[in-house]
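Each chain is listed here by its residues.
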Amino acid sequence: MGTYAYVEFDTATKKQIHKYQVLANLPNAVRPDKLHSTLLYSRAPMDGYKPAGNYYFPLVARPAGLAIWESKNDDGTVSKCLVAMLSCPHLVERHNFLMDEHNGTFDFPTYVPHVTLSYDVHDLDIEQLPFFEELVPHLVAIAEHSEPLDECVDIKSHKINAVDFN
């Protein structure tokens with residue numbers, strides 16, 4: 001079994017992102033309590049890896065644009081995920097260190113820190129969306145967590161409709 005690790009955002013960051021999701025009227029938006037940034041997605045076990053837990057000093061990431069990334073579903077169909085790419089050298093350094101230190105694997109040529117805003121925006125034109133950076137000028141990560149990689153995660157439980165998040 002592999003390893004999945006992610007960083008958790010503070011409540012203020014989750015609220016700002018959720019306000020953006022509502023303003024942009026995003027379909028299949030990720031629930032505020034599920035917003036995160038993937039740090040590791042290794043199909044190989046990462047023996048000895050222990051997540052950092054709560055950070056002594058929070059990490060600050062800056063938005064670096066929106067993108068549509070295709071994701072293959074369990075049934076073979078393809079979804080168009082909307083992600084906000086992040087500029088955060090510490091996340092890149094931590095990812096690279098953990099991969100080297102624990103012999104992890106990664107399915108993509110480059111690790112790009114990001115937060116998924118929607119698991120399927122269909123044919124949404126992202127050029128028509130409000131500027132993410134204006135509503136979410138920075139994202140604050142407060143902790144690092146991990147769990148065994150379960151490649152059959154049901155993302156339906158992560159989706160929301162446009163509802164308030166208090």
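Rules used throughout
Residues numbered from 1 in each chain as written. Predicted model: local features only at pLDDT ≥ 70, side-chain atom pairs only at ≥ 80, totals over all residues. Heavy atoms only, no water. Helix = DSSP H or I, 4+ residues; strand = E, 2+ residues; numbered from the N terminus. Expected span 1.5 Å × (residues − 1). Buried < 20%, exposed > 50% of the residue type's maximum accessible area, 1.4 Å probe, protein only. Arc of directions from axis to C-beta. Contact = heavy atoms within 4.5 Å. Phe/Tyr/Trp six-rings, centres within 6.5 Å; stacked < 30°, edge-to-face > 60°.

A.B. asks: An account of helix α2 (residues 89-102) is needed here, citing residue identities and associated values.
C.D. replies: With 14 residues, α2 extends 20 Å from end C-alpha to end C-alpha; this agrees with the ideal 20 Å at 1.5 Å per step. Residues of α2 that are buried: Leu91, Arg94, His95, Leu98, Met99 and His102. Burial along α2 is one-sided: seen end-on, the buried residues are contained in an arc of 125 degrees. Exposed positions of α2 whose direction lies more than 90 degrees from the buried face are Pro89, Glu93 and Asp100. Contacts made by the buried residues of α2 are with β1 (3-9), β3 (36-42), β4 (53-72) and β7 (139-148).

A.B. asks: I'd love a proper account of the packing of aromatic side chains, names of residues and values included.
C.D. replies: Tallied over the full model, the rule gives six aromatic pairs. For the ring pair tyrosine 20 and phenylalanine 132, a centre distance of 5.0 Å and an interplane angle of 80 degrees mean the geometry is edge-to-face. Of the two residues, tyrosine 20 is situated in helix α1 (residues 11-23) and phenylalanine 132 in helix α3 (residues 132-135); the sequence distance between them amounts to 112 residues. For the residue pair tyrosine 20 and phenylalanine 132, the accessibility class agrees, reading buried in each case. Arranged with centres 4.7 Å apart and planes meeting at 85 degrees, the rings of tyrosine 56 and phenylalanine 57 form a pair that is edge-to-face. Look at tyrosine 56 and you get exposed, because its relative accessible area is 74%. Feature note: the residues Tyr4, Tyr6 and Tyr41 constitute an aromatic cluster, connected by ring pairs.

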